[in-house]
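Analysis of the macromolecular model
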Amino acid sequence: MTGTPDRRPADAPESAASDSAREADAPEATSESPAPGRRRVLLAAPRGYCAGVDRAVIAVEKALEQYGAPIYVRHEIVHNKYVVQTLEKKGAIFVEETDEVPQGEIVIFSAHGVAPTVHEEARRGKLATIDATCPLVTKVHKEAVRYAKEDYDILLIGHEGHEEVIGTSGEAPDHITLVDGPKDVENVEVRDPDKVVWLSQTTLSVDETMETVDALKNRYPNLLSPPSDDICYATQNRQTAIKQVAAEADLVLVVGSKNSSNSVRLVETALSHGAKDGHLVDNADEIDEAWLEGVSTIGLSSGASVPEVLVDGVLEWLAERGWDDVEIVKPVDEHMQFSLPKELRRDLRSEAAEKLRA
Ligand code: SF4
């Protein structure tokens, strides 16, 4: 791989740690238009792991270290095949439902969050639980509970069947109606058009969600908005970066699994912001060489559940085929971190205290 110039705007803060090695040897930024025939990769930043995914994966690893295998995990801890398979090799067992976990065992709830009924099932099954729900998903759950208490009709913008939507809806099933995109707005029915609020899944397309909100506001002019964005910082930042990359890319590759909402949205966002072609791949093995025909500039990003090792694999694969000139495109910086789930923090603290006393 040759140079990796950083194309942040002049007022952007320092670079993210994941790209620091690439940036260390970076020459000056090149011009916007590549020389004819030049093969280059525009590497979007931020990309990959968000703070919620990082926390969930570390929670499973720490639980395996702390309590030993097996540790049960309800649903894929994050939507990424590689991550799930790696944790399985270490002793995690993924289950669809809590009643598959033997009585007395430990179960971790995934980053997407669960409905209160799932906590209740775990209590009935006498399971020890560790809740790795992303704090930003928990924030939406709390908003749902609050607006339901105030007797609002809650219009939850999201994708039908997505785990996060199922979990959030379960907080206030009698008050929540799912709105799956702008076309679904005409199907919505509410009790009182003056007492309606919208909330959203955290991993949606920012642009499409605002389209849905506009359509809802046309029907319900007094529609209340949530106090702060429900689409999380990580989803927004990755979409901002891919938009900048897409404007110059003949082809955009997004590393991520097909069931990862935020990864799928990245491909859609790239295609709607200038990329001539775009594909979602789990890893380098899924790239079709035919996609590279006539391509000069390739944009590359990864979803919030994707470890950087998979992006490295794609960069190596591209470098072997002549795309070894990598520029980092970083319109925003990111430093978010979340502390581990409280159940783990408590046990890790008491273990540390015991070691100190020994
Ligand atoms: S994508 Fe956003 S909401 Fe989902 S786990 Fe990551 S930070 Fe949390």
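Before reading on, note that the structure itself is shown above.
In this report, the structure presented in the accompanying data block is examined. The structure presented is a predicted model; accordingly, all values stated were derived computationally and were not measured.

This paragraph deals with the sheet that holds strand S12 (residues 325–329). The five strands are arranged S10-S9-S11-S1-S12 in an open sheet whose pairing can be described as parallel. Because the sheet does not close on itself, it has two edges, and the strands there are strand S10 (278–281) and S12. Geometrically, the sheet is characterised by an average inter-axis angle of 25° between neighbouring strands, direction not taken into account. Relative to S10, helix H9 (residues 261–272) is tilted by about 165°, and along the sheet it contacts strand S9 (251–255), S10 and strand S11 (297–302). Contacts between helix H10 (residues 308–320) and the sheet are confined to strand S1 (40–44), S9, S11 and S12, with S11 contributing the most and set at about 165° to the helix.

A few words on the environment of histidine 75. Mapped onto the fold, histidine 75 is located in the loop between strand S2 (71–74) and helix H3 (81–90). Its 21 C-beta neighbours within 10 Å are what place histidine 75 among the buried residues. Counting along the chain gives 35 residues from histidine 75 to serine 110, while the straight-line C-alpha distance between them is 6.5 Å. Not counting residues up to four positions away in its chain, the partners in contact with histidine 75 are Glu96, Ser110, His112 and Glu163.

A separate point is the site of the ligand. Residues in contact with the ligand amount to 15 residues; listed here are only the nearest, Cys50, Gly52, Cys134, Thr202 and Cys232. Listed by contribution, the elements that provide at least two residues to the shell around the ligand are helix H2 (51–67), helix H5 (135–149) and helix H8 (233–246). Top element by residues in the shell around the ligand is H2. It accounts for three residues. Grouping the amino acids of the shell around the ligand by side-chain chemistry returns 10 nonpolar, five polar and no charged.

What follows covers the packing of H8 against H9. Running from amino to carboxyl end, H8 crosses H9 at an angle of 30°, the nearest separation of the two axes being 9 Å. The angle between the axes of H8 and H9 places the two elements in the roughly parallel class. Crossing geometry of H8 relative to H9 is assigned as right-handed. On H9, the residues touching Thr235, Arg238, Gln239, Ile242, Lys243 and Ala246 of H8 are Asn262, Arg265, Leu266, Thr269 and Ala270. Among the residues forming the contact of H8 with H9, the class breakdown is four nonpolar, four polar and three charged.

Definitions and cut-offs
Residues numbered from 1 in each chain as written. Predicted model: local features only at pLDDT ≥ 70, side-chain atom pairs only at ≥ 80, totals over all residues. Pairing = 2+ DSSP bridges. Helix = DSSP H or I, 4+ residues; strand = E, 2+ residues; numbered from the N terminus. Axes fitted to C-alpha atoms, helices over the stretch in contact; angles between N-to-C directions. Contact = placed C-beta atoms within 7 Å. Buried ≥ 20, exposed ≤ 12 C-beta atoms within 10 Å, placed from the backbone. Near = placed C-beta within 6 Å. Nonpolar A, V, L, I, M, F, W, Y, C, P; charged D, E, K, R; others polar. Parallel < 35°, antiparallel > 145°, perpendicular 65-115°, else oblique. Left-handed = near helix turned anticlockwise from the far one by under 90°.

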